[in-house]
Amino acid sequence: MLEQIKFRIIHVSSEEVGYAGSELERHGPTVNGWKSSKNAGVAYPMEVILQLESRSRLGHMQLLTHQYLIPETIELYIGESITEKNEAMNNQMESLDKIKFILLGHVQTSTNLNTGFKVRELKSVSMECSGTFMKILLYQNHANKYNPYNQVSLVAINVLGEKLDEENEMSRSMSRISFQETTQSDRDRNLFSPYDDLAFTMYVDNEVQELIKKMDLKKQEAVLDERFDFASKLKATIEHLRKAGEVLAKYQLEKQIAAAREDFQRAKEKKIQMDSYRENLYKSFRIKELLEPNGKVQRVKDFHPHYSRHQIQTRDRSLATTVMMSQNSHQHYM
């Protein structure tokens, strides 16, 4: 199974204040992402260069675009240092002219006109290549009334593969390369964990994300121990947490927007609403007990959450993460 490969941004052609390239190094509902500077259109294509945490064999990549600062075309490249290994280790940051890049392929984006510029498009690519660096070229933006300065943006990048150790580095050849755009629905569900998917990491409350991951591990342990009733209980709770985590993420975003606008009363109200919702959620589903800090739960059949429809709302019609599927992409509301 592929794992998330961490990276750092070592170069961007331009960036807007508050939307630095380094924003792409983390995921979460309140992440701003990267945005090119205003009136930078003369410099197209825009360039974003990533340095992977280690040389890796890549198998999949996801790009989450902005809802109206949209490049027409995105090209992806894999890169390798052409300096000697010892020399590269002595340099904290690789000189860009010492990196050789090879084109993997490109994806086209939607104009977003049919969605009213209210959704983000999630582009998914299956690939086979190895390297230490990646380059992303973003070409001229789709023109629309919400983008008067002809900017482009990426909200998130997700790189999935496997790290290569010294024994795997017998050859630095990048001759084995494949590239194919895929849809979320067509992707092999066993290719990588659903908890490494941008649809999860960008739209579920961060604290709830960690709880879900812990519960999933606990569920796997329960299956190995043949505690199937407990595993079933954990599975159902994870499903509820996923939905509630999306609601909490929405509240968090609303709180952040209110604070940025200096509407501190509304920000305070959103914080109270968020804290209350979280407290009721954890109590109602007895999250602490399910994690078994004091040993195994003995009577799973008696382990029923005491919640009402009014206490835990698992569906929110205004949820910011409403999903829309299109033929070549997976799209999310802001």
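Located above this text is the structure these notes cover.
Draft legend 1. Just unusual backbone geometry, in detail. The peptide bond linking Y44 to P45 adopts the cis configuration, its omega dihedral lying at 5 degrees. Along the chain, the position of P45 falls in the loop between β3 (34-35) and β4 (46-65). Here N112, not a glycine, exhibits a phi torsion of approximately 70 degrees, which is positive. Mapped onto the elements of the fold, N112 is located in the loop between β6 (99-108) and β7 (119-138). On the basis of relative accessible area, N112 is assigned to the buried category, the value being 1%. One non-glycine residue, E226, adopts positive backbone phi at about 60 degrees. For E226, the position within the fold is in the loop between α3 (206-224) and α4 (228-260). On the basis of relative accessibility, which here comes to 59%, the residue E226 falls in the exposed class.

Draft legend 2. Geometry of the nonpolar core. Core analysis: the largest hydrophobic core is formed by 29 residues, its most contacted members being I136, I157 and V159. Elements supplying a minimum of two residues to this core: β2 (7-12), β4, β5 (73-81), β6, β7 and β8 (153-163). If one sorts the elements of this core by residue count, β4 sits on top with seven residues. Apart from the residues lying within four places of it in its own chain, the contact partners of I136 are M46, E47, V48, L50, M61, L63, I74, E75, L76, L154 and I157. Judged by nonpolar contacts, the second largest core, of 25 residues, contains L211, A222, I287 and V297.

Draft legend 3. Fine view of the environment of L290. Within the fold, L290 resides in helix α6 (residues 287-290). With relative accessibility at 0%, the residue L290 sits in the buried group. In sequence terms L290 and F230 are 60 residues apart; their C-alpha atoms lie 8.8 Å from each other.

Draft legend 4. Geometry of helix α5 (residues 264-284). Here α5 spans 30 Å end to end across 21 residues, near enough to the 30 Å set by a 1.5 Å rise per residue. The set of residues buried in α5 consists of A267, K270, M274, Y277, R278, L281, Y282 and S284. Projected onto a plane normal to the axis of α5, the buried residues spread over an arc of 165 degrees and lie on a single side. For α5, the exposed residues lying more than 90 degrees away from the buried face are F264, K268, I272 and K283. Those residues of α5 hidden inside the fold are in contact with α3, α4 and α6.

Draft legend 5. Structural detail: the pattern of salt bridges. A full pass over the atoms with the stated rule returns 20 salt bridges. In this structure, D275 engages K271 in a salt bridge whose closest nitrogen and oxygen atoms are separated by 2.8 Å. With D275 and K271 both in helix α5, this residue pair falls four residues apart, about one helical turn. The class of D275 is partly exposed, set by a relative accessible area of 37%. For K271, a relative accessible area of 44% corresponds to the partly exposed category. Salt-bridge contacts for R286 lead to E289; the nearest nitrogen and oxygen are separated by 3.0 Å. One network of salt bridges, with partners in common, ties together E121, K123 and E181.

Draft legend 6. Structural view of the side chain of S193. Along the chain, S193 falls in the loop between β9 (178-182) and α2 (198-201). The buried category is assigned to S193, whose relative accessible area is 17%. Setting aside residues no more than four positions away along its own chain, S193 makes contact with M1 and L2.

About the cut-offs
- Residues numbered from 1 in each chain as written.
- Predicted model: local features only at pLDDT ≥ 70, side-chain atom pairs only at ≥ 80, totals over all residues.
- Heavy atoms only, no water.
- Helix = DSSP H or I, 4+ residues; strand = E, 2+ residues; numbered from the N terminus.
- Buried < 20%, exposed > 50% of the residue type's maximum accessible area, 1.4 Å probe, protein only.
- Core = buried A, V, L, I, M, F, W, Y, C linked by side-chain atoms within 4.5 Å.
- Contact = heavy atoms within 4.5 Å.
- Expected span 1.5 Å × (residues − 1).
- Arc of directions from axis to C-beta.
- Salt bridge = Lys/Arg side-chain N within 4 Å of Asp/Glu carboxyl O.

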